[in-house]
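Reading the structure
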Amino acid sequence: MKKDEVPQDLSSLGKITKELCYATDSSGKYVAALSSGWDVKITALDVAWGDIEKRIAAAKQKVLNKEASQLLFFMEYRLMDISILAGYTGFWKWQIKRHLKPGVFDKLSTQKLEKYAEAFNIKVEDLKSMTIHED
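Summary of the structure given here.

The rules behind the values
- Residues numbered from 1 in each chain as written.
- Predicted model: local features only at pLDDT ≥ 70, side-chain atom pairs only at ≥ 80, totals over all residues.
- Heavy atoms only, no water.
- Helix = DSSP H or I, 4+ residues; strand = E, 2+ residues; numbered from the N terminus.
- Buried < 20%, exposed > 50% of the residue type's maximum accessible area, 1.4 Å probe, protein only.
- Polar contact = N/O pair within 3.5 Å; in protein donor to acceptor, adjacent residues only side chain to side chain.
- Contact = heavy atoms within 4.5 Å.
- Core = buried A, V, L, I, M, F, W, Y, C linked by side-chain atoms within 4.5 Å.
- Phe/Tyr/Trp six-rings, centres within 6.5 Å; stacked < 30°, edge-to-face > 60°.
- Lys NZ or Arg CZ within 6 Å of the ring centre and 35° of its normal.
- Axes fitted to C-alpha atoms, helices over the stretch in contact; angles between N-to-C directions.
- Parallel < 35°, antiparallel > 145°, perpendicular 65-115°, else oblique.
- Nonpolar A, V, L, I, M, F, W, Y, C, P; charged D, E, K, R; others polar.
- Pairing = 2+ DSSP bridges.

1. A closer look at the side chain of Thr-89
Structurally, the position occupied by Thr-89 is in helix α3 (residues 82-89). A relative accessible area of 7% means that Thr-89 is categorised as buried. A polar contact is formed between the side chain of Thr-89 and the backbone oxygen of Leu-85, at a distance of 2.8 Å. There is a polar contact of 3.2 Å between the side chain of Thr-89 and the backbone nitrogen of Phe-91. With residues near it in sequence (within four places) discarded, Thr-89 still touches Ile-96, Lys-115, Tyr-116 and Ala-119.

As structure tokens, this is what we get:
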């Protein structure tokens, strides 16, 4: 691809960052070029984010239905799985699985809730109420 043909299709990420691509200049040498987006990639990202939003909504509904604890909602919201959350908190995976049960979560100590809140970068009150503060 020639440098002047590098796609510049603006996406939501294009406002935040640009992607480094390699293209050929007028003499045929490879040079670095910045792209603000590409239609195909934008569509793929939009589909992926749509799936993530559905997972977050499903997790929220499970919490509201008392089928899971607030941990599930924040794990989905922060794009974490049990292994990642275990790494951030120091809890064993089996402990986190247990804490995903609403009855067990409701009995967790303040110290354990603080570890989870820190991992999700929120306050304990927000963890309990599933409140999100966008900065």
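2. A few points about helix α2 (residues 70-77)
Burial of α2 is extensive: 7 of the 8 residues sit out of reach of the surface. Residues of α2 that are buried include every one of Gln-70, Leu-71, Leu-72, Phe-73, Phe-74, Met-75 and Glu-76, and no others. Buried residues in α2 make contact with α1 (39-64), α3, α4 (93-99), α5 (102-105), α6 (110-120) and α7 (124-129). Positive phi shows up at Leu-79, right after α2, with a value of about 55°.

3. Looking at the nonpolar core
Of all hydrophobic cores here, the largest spans 27 residues; its most connected members are Leu-71, Phe-74, Leu-85, Ile-96, Tyr-116, Phe-120 and Leu-127. Counting residues per element, the ones that place at least two in this core are α1, α2, α3, α6 and α7.

4. A closer look at the packing of aromatic side chains
All told, the structure shown has 4 aromatic pairs when counted by the stated rule. Positioned above the aromatic ring of Phe-91 is the side chain of Lys-115, whose terminal nitrogen or guanidinium carbon lies 5.1 Å from the ring centre.

5. Considerations on the packing of α1 against α2
Orientation of α1 relative to α2, taken along the N-to-C sense of each, is 170°, at an axis distance of 8 Å. Relative to α2, the element α1 is oriented roughly antiparallel. On α2, the residues touching Arg-55, Ile-56, Ala-59, Lys-60, Lys-62 and Val-63 of α1 are Gln-70, Leu-72, Phe-73, Glu-76 and Tyr-77. Taken together, the residues of the contact of α1 with α2 break down into 6 nonpolar, 1 polar and 4 charged.

6. Focus: the pairing of strand β2 (residues 30-35)
The pairing of strand β1 (residues 19-24) with β2 spans 6 bridges and is classified as antiparallel. From the neighbouring strand, Thr-24 faces β2, where its bridge partner is Tyr-30. Here β1 folds back onto β2, and the loop between the two strands holds 5 residues, one of which, Gly-28, carries a positive phi near 90°.

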